[in-house]
Amino acid sequence: IYSTIQQAAQQGAITAARATCATCGDAFPADATVTAAVGAVMTASNLDPTQIIVSPSPLPSLCSNVPSACSVTGKITICRNAWLNSAFPAQPPQCGTAVSFQYPFNLLNVPFTSLKNITLAAQAQSRMEN
């Protein structure tokens, strides 16, 4: 389940960071398109995308003079125009998108554990392409 939600977040970040075709005006996909990409990966693995929980996400720093914008659509946080790689100072930061959400997991059928419900977090980044 963790692998699937990470893959879903990655697919969402890739979708959000890639502009449409040049003849279409090079617009970036709407938040609903990003949410649909996340949902498609989850549905393909028999996970219910309606169970997604909003992930608390700090507002990322801005790319140059372009305002950063985070929005929550379908309980998925999508941050655009954010600096990436801030945790690795040896690498120059790149402008991109971040997608994050949480997913509940029920441990009722797992023996030898006192935990019954946990929340798994998924977060992925993708640099913007021209």
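These notes cover the structure that comes with them. Remember, predicted model here, so these are calculated numbers, not experimental data.

Our next topic: the overall build of the chain. Scanning the chain from terminus to terminus reveals two helices and four strands. Counted from the first residue to the last, the chain has its helices and strands arranged as α-α-β-β-β-β. When each of the 130 residues of the chain is scored for burial, the buried share is 34%. A separation threshold of at least 6 residues defines the contact pool for the chain, and within that pool the share at least 24 residues apart is 52%. Surface accessibility of the chain: about 7,500 Å² in total, with carbon and sulfur atoms responsible for 58%.

Next up on the list: the nonpolar core. Counting 19 residues, the largest nonpolar core has Ile5, Val38, Met42, Ile52, Ile76, Val99 and Phe101 as the members making the most contacts within it. Put simply, the parts of the chain that give this core at least two residues each are α1 (2–17), α2 (31–44), β2 (76–84), β3 (94–106) and β4 (117–127). Here this core takes five residues from α1, the largest share from any one element. Once residues lying within four places of it in the same chain are set aside, the contact partners of Val99 are Ala9, Gly12, Ala13, Val34, Val38, Ile76, Thr77, Ile78, Ala122, Gln123 and Ala124.

Among the structural elements, Thr97 can be located in strand β3. Judged by its relative accessible area of 1%, Thr97 falls in the buried class. Reaching out from Thr97, the side chain makes a polar contact with the backbone oxygen of Ala13 at a distance of 3.0 Å. Ignoring any residue separated from it by four or fewer positions in sequence, one finds Thr97 in contact with Ala13, Ala16, Ala17, Cys79, Arg80, Leu84, Ala124, Gln125 and Ser126.

Enumeration according to the criterion identifies one salt bridge in this entry. One salt bridge connects Asp31 with Arg80, and the closest N-O pair in it is separated by 2.8 Å. Here Arg80 lies in strand β2 and Asp31 lies in helix α2, a separation of 49 residues in the sequence. Side by side, Asp31 and Arg80 carry an identical accessibility label, which is buried.

What counts and what doesn't
Sequence order as written defines residue numbering, which begins from 1 separately in each chain. Side-chain atom pairs in this predicted model are given and counted only at pLDDT of 80 or more, local residue features only at pLDDT of at least 70, and totals for whole chains, interfaces and linings cover all residues. Each side-chain value is worked out from all heavy atoms of the structure, with water and hydrogens disregarded. Counting from the N terminus, the helices are DSSP H or I runs at least four residues long and the strands are E runs at least two residues long. Buried, partly exposed and exposed residues are distinguished by accessible area as a fraction of the type maximum, computed with a 1.4 Å probe on protein chains only: under 20%, between the cut-offs, and over 50%, respectively. In this description, contact between two residues means that some pair of their heavy atoms is separated by no more than 4.5 Å. Note on areas: these come from Shrake-Rupley sampling with a 1.4 Å probe, and a residue is covered only by the protein chains present in the view. The definition of a nonpolar core used throughout is a set of buried Ala, Val, Leu, Ile, Met, Phe, Trp, Tyr and Cys residues joined through side-chain atoms within 4.5 Å. Whenever a nitrogen or oxygen atom comes within 3.5 Å of another N or O atom, the pair is scored as a polar contact, on the condition that within protein one atom can donate a hydrogen and the other can accept it, and that pairs from neighbouring residues in sequence are kept only if both atoms are in side chains. We define a salt bridge as a side-chain nitrogen of Lys or Arg found within 4 Å of a carboxyl oxygen belonging to Asp or Glu.

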